[in-house]
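# Summary of the model geometry
Each chain, letter by letter, is given below.
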Amino acid sequence: MLEIRNLQASVDGKPILRGIDLSVKAGEVHAIMGPNGSGKSTLAQVLAGRDTFAVTGGTVFYQGVDILPMAPEERAREGIFLAFQYPVEIPGVSNVYLLKAALNNIRQHRGQAELDAMEFLALIKQKMKQMEMNEDLLYRAVNEGFSGGEKKRNEILQMAVLEPKLAILDETDSGLDIDALQIVAKGINALRSPQRAMILVTHYQRLLDYVVPDFVHVLAQGKIVRSGGKELALELEERGYGWLEGAEAAARPAENA
Amino acid sequence: MNAREHTLADYARSAVTLPGAGVPWLARARRSALERFVASGYPDTHDEEWKYTSVAAIEKQAFRAASHRDGDLAAAASLVDQLALGPGAGHLLVFVDGRHCPSLSVPGRLPAGAHMTSIGEEFETAPESLEAYFADDDQETIFAALNTVFMADGAYLHLARGVVVEQPVHLLFIATQDGAAGAIISPRNLIVAEEGAQATVIEHYVGTDGAPYLTNALTRISAAANASLTHYKLQQEGAQAFHVAGIHARQAQGSRLSSHSTTLGAVLTRNDISTAFTAPGCEATLDGLYLVGGRQHVDNHTRIDHGAPHGTSHEFYRGVLDGRSRAVFNGKVLVHPGAQKTNAHQANHNLLLSRDAEIDSKPQLEIYADDVKCTHGATIGQLDDNQLFYLRARGVSETMARSLLVHAFAHDVVERIRVAALRSRLEQILFSRLPQGERIRALA
Ligand SMILES: Nc1ncnc2c1ncn2[C@@H]1O[C@H](COP(=O)(O)OP(=O)(O)OP(=O)(O)O)[C@@H](O)[C@H]1O
Ligand SMILES: [Mg+2]
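Residues numbered from 1 in each chain as written. Chains lettered and ligands numbered in written order. Predicted model: local features only at pLDDT ≥ 70, side-chain atom pairs only at ≥ 80, totals over all residues. Heavy atoms only, no water.

Residue and element names in this part refer to chain A. Looking at the element boundaries, Leu115 is found in the loop between α3 (95-109) and α4 (117-130). The sequence separation of Leu115 and Leu208 amounts to 93 residues, and the corresponding C-alpha distance is 35 Å. Ignoring anything within four residues of it in the chain, the contact list for Leu115 reads Leu103, Arg107, Phe120 and Leu123. (Helix = DSSP H or I, 4+ residues; strand = E, 2+ residues; numbered from the N terminus. Contact = heavy atoms within 4.5 Å.)

Written out as C-alpha cells, the structure reads:
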C-alpha cells in the first residue's frame, strides 16, 4: 500500500529526514517510536503533504502512485488520514461544518452521493457515541478550547467518519487518561481491516497493548535504525534508546558518517 | 478652474434649486460652510487626518451638484424590490440620486410620537426646530462642510420622549446610472431621539458600476437621556464611485448608541464616525467591517469623546483586503479631564489575502483622566498556514479552506447585527464574494 524509499526532507535547508525506507502493506499496523526530535512528526506530515518541508530526495508510492506531487487534499481524498500530534484550533469554523465538508469531498471523490442532512447527523452522532464524546463539541469551533484529550478524540472521530485506507496517527495516545486511551484504542481497532493500514507514532507501550502492531520501527536522527516485531517496543520500554548502536550511528551527522 | 472656484460656481448655479432656499438660518449655514470650504479646499496628505488617503482623484473629477432629473426610476424601482428588507419588515424611505422618492418609499405605520420624513420637506414646512442641528461644525471634516453647502435631501427621524419604534427604519440611497454620473450627491440625515426613545436605523447606499460619482453624506444623531439608538450602515456603491460620509452622534446621560458599518463598494471610501458623551453613564459600540479588493481604498476614522464619567465604549473593526486594496483604520479615543471610571476598549483586526494589499491601523488614545480603563489592540495577518493545512488534510480544497477561514473572520462582525433581515443579507453577500461560498453556505 505504501512504499517509502530513501525519503529525505529538510526545513530551511536543514535535513530532518535522512533516508527513510518503509514498506506498509494493507492490513498491517506499524508502530514508529523514537526520541523527541527524531523526525516522526515530520515523516507523518510529509506523507500528508505539508509543504513546510522540502522533499529533497527519495520516493513515496501509495497504492502504486507517486504521491509526492499531490496536494494534501488530494491525498486525503485518496484515503490518507493524518491524526495530528497537535490538532489545530480553528475559531469560527464549527466542528460539524468541517466534518460535513470533509465527508462531502471524500464521498464525491469516491463517486458516492452526498449524505443528506439527516443521514449525516445520524452517522456523526453514532460515531460520537462510540468515542463517548459530548455532542456539544459538534457545534463548537474546531478544537477551540477543547481539552487535550478532547482534541485527540476529535481526531479519531474524524478518522472514524472519513474511513481512510491509510491512517497515520501521530501520538494520538499522548495526553489521554486511562479510560480515554481505551476508547481511542477501540476506535482505532474498529477501523482495522485487511484493506486498511495504520502507522502509529507513539512513545509508549500502553497504546500498543491495546492496538497490537505487526511491526515496530525506531526512528533516530531522521533514519529508521531498527525494525522488529511487537517485542521491540517492550524492549525499548525497558532499555530506552541508548543501546541501539544504529541509533548512535544515525545520530552522527550524515556528512561525517 | 481650481476646486474652490469650481465649488463656488457650482453653488451659484444650484443654490436656488436647493431646499430651504427661503430659510435665512439655513442660507447662513450654507454660506458659512462654503466659506470654510473655500478657505481650506480639499485636504491633502500633509493633513494628519488625511495622511494615508488622497482625495486628489475626487478633486480631479470636478463633480457637479446632482441635478435630480435624469434618474432612471424603473431601474431604481427594481433595485428597491431587491433591497427592501421584506414586507412588513421596516419603514422604508427611498432616495434616488439624493432626492426623496415618495413613490418608491414604503414608510408603513409608525407609532404616535415618531415623525419620519424627508429633510427637504421638513426644511420647507417646519424648519424652526432644526436650526441647532445644521450649523457647520469645524470639528467635522471639510466634506461635512461641503455636504452642508449642497445638501438637498435625506431622512429626518424624530422620536418623542419614550417612543419605541420596533421595526428598523431603512434609508435606501440609490445612485442611478444616468442621474449620478459625474455628480456629487449630498444626502443629509438627522436622527433625534428624545428621552428614553428607541429606534434602529439602517443607512444603505447602492449604486451602479457605470460612471464615477461622489456620495458625500452626513448623518447627525442626537440621543437624549436614556435613549437607545442602533445605526447600521451598508455601503454598496458602484465600482467607480467615491463615498465620503460622516456619522456624528451626541449622547446625553445614560444613552446608548450602537453603530455598525460595512464597506463593500466604491473605489474610495472615507468614513468618519464619532460620538461624544456629554453626560455620565453613556455607552457606545462601534462595529465595522470592510471587505475590499482590486484597487479599492477604504479609510475608517472613528472618534469617541469620553466627555463625562462612567462612560463605556467598545470598538470592533475587522477588515479583509485582497488584490491591491488599501485600508486605513484610525481609532481616536479621547478621555477628557474628569471623565473618571471610563471604560474604553478598541480592537482592529485585519486579514491580508494578497501581498499587494496594505493596511495602516492606528489607535489614538488621548487620556486626561486617571481612573480609567482603556485597552486597544490591532493585528494584521495572513491566513494561518497551520489552519489551512489542517483543513486540506481533511480533504477540503485549498480554495474552500481559504474561504472557510475568511468567512470565519468576517462573520464575527456580521453576527453582531441584530436585525435578522439585514444580517442574512450580509451573510448572503459574504458567501457570494467568497470563492466556493455557496458550498460553504450549504454546510449550514
Ligand atoms: N517548521 C520547522 N522549522 C524548523 N525546524 C523544524 C520544523 N519542524 C520540525 N523541525 C525540527 O525537526 C526535527 C524533527 O521534528 P519532529 O517534530 O519531526 O520530531 P518528533 O520525532 O515528532 O518529536 P516528538 O517526539 O517530540 O514529537 C526537530 O529538531 C524539530 O525542531
Ligand atoms: Mg512529533
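That covers the picture; the talk isn't over yet.
Right, let's talk about the sheet that holds strand β5 (residues 65-66) of chain A for a bit. All names here are of chain A. If you walk across this open sheet you meet the 4 strands as β2-β1-β4-β5, and the pairing is antiparallel. The open sheet has two free edges, formed respectively by β2 (14-24) and β5, since each of these has just one partner strand. One ladder, built from 7 bridges, connects strand β1 (residues 2-11) with strand β4 (residues 54-62); its direction is antiparallel. Its bridge partner lying in β4, Leu2 is registered against Tyr62. Seen against the sheet, helix α1 (residues 40-48) touches β1, β2 and β4 and runs at an angle of roughly 110° to β1. (Pairing = 2+ DSSP bridges. Axes fitted to C-alpha atoms, helices over the stretch in contact; angles between N-to-C directions.)

Residue and element names in this part refer to chain B. The tally for this structure, following the rule as stated, stands at 8 cavities of 30 Å³ or more. Within this model, the largest cavity holds a volume of roughly 100 Å³. Elements represented by at least two residues in the lining of the largest cavity include exactly α1 (3-14), α3 (56-61) and α6 (142-150). With 4 residues, the top contributor of residues to the lining of the largest cavity is α1. A per-class count over the lining of the largest cavity returns 9 nonpolar, 2 polar and 2 charged. (1 Å grid on protein atoms, 1.4 Å probe; cavity = no way out; pocket = protein on both sides within 12 Å on 5 of 7 lines; lining within 4 Å. Points joined across faces, edges and corners; volume = space filled by probe spheres on them. Nonpolar A, V, L, I, M, F, W, Y, C, P; charged D, E, K, R; others polar.)

Residues and elements named next belong to chain A. The coordination sphere of the magnesium ion (ligand 2) contains the protein donors Ser41 (OG) and Gln85 (OE1), at a distance range of 1.9 to 2.1 Å. Note that Ser41 is positioned in helix α1 and Gln85 in the loop between β6 (80-83) and β7 (90-94), a separation of 44 residues in sequence. Of the residues examined, Ser41 reaches a relative accessible area of 22% and is grouped as partly exposed. In this structure Gln85 comes out as buried when scored by relative accessible area, which is 16%. (Donors = N, O, S within 2.8 Å, 3.2 Å for Na, K, Ca; no water. Buried < 20%, exposed > 50% of the residue type's maximum accessible area, 1.4 Å probe, protein only.)

This part takes up the site of ligand 1. Residues and elements named next belong to chain A. Within the structure, ligand 1 sits among 16 residues, and Gly37, Lys40, Ser41, Thr42 and His203 are positioned closest to it. Here an oxygen atom of ligand 1 and a backbone polar atom of Gly39 are 3.0 Å apart. It is α1 that provides the largest number of residues to the shell around ligand 1, a total of 3 residues. Of the residues assigned to the shell around ligand 1, the class counts are 4 nonpolar, 9 polar and 3 charged. (Near = heavy atom within 4 Å. Polar contact = N/O pair within 3.5 Å; in protein donor to acceptor, adjacent residues only side chain to side chain.)

Looking now at the packing of α1 of chain B against helix α2 (residues 24-40) of chain B. All names here are of chain B. Interaxial distance between α1 and α2 falls to 9 Å at its minimum, and their mutual angle equals 160°. Considering their axes alone, α1 and α2 lie roughly antiparallel with respect to each other. The hand of the α1/α2 crossing is left-handed. When α1 is examined against α2, the residues Ala3, Arg4, Thr7, Leu8 and Tyr11 are found in contact with a partner set consisting of Arg30, Leu34, Phe37, Val38, Ala39 and Ser40. (Parallel < 35°, antiparallel > 145°, perpendicular 65-115°, else oblique. Left-handed = near helix turned anticlockwise from the far one by under 90°.)

Residues and elements named next belong to chain B. In terms of domain boundaries, chain B breaks down into domain 1 (3-279) and domain 2 (385-444). Summed over both sides, the interface between domain 1 and domain 2 buries roughly 1100 Å², with carbon and sulfur atoms accounting for 66% of that surface. Of all residues in domain 1, Tyr232, His260 and Leu264 give up the largest surface area on contact with domain 2, accounting jointly for 45% of the area buried on that side. The interface formed by domain 1 and domain 2 includes 6 residue pairs in polar contact (both at pLDDT 80 or more). Counting only elements with at least two residues in the side of domain 1 that touches domain 2, the list comes to α4 (73-83), β9 (198-207), β11 (228-236) and β13 (256-263). With 4 residues, β11 is the largest single contributor of residues to the side of domain 1 that touches domain 2. (Domains from an automatic or database assignment. Buried area = accessible area lost by both parts, 1.4 Å probe.)

Let us look at the nonpolar core. Counting residues in hydrophobic clusters, the biggest one holds 74 residues, and the most contacted among them are Leu2, Ile4 and Ile199 of chain A. For this core, the leading source of residues is helix α9 (residues 398-414) of chain B, giving 10 residues. Here this core gathers at least three residues from each of two domains, domain 1 (3-279) and domain 2 (385-444) of chain B. If we ignore the near neighbours within four places in the chain, the residues touching Ile199 of chain A are Leu2, Leu22, Val24, His30, Ile32, Leu47, Leu166, Ala167, Ile168 and Leu169 of chain A. One finds Met133, Leu137, Ile156 and Ala220 of chain A within the second-largest nonpolar core, a separate group that totals 47 residues. (Core = buried A, V, L, I, M, F, W, Y, C linked by side-chain atoms within 4.5 Å.)

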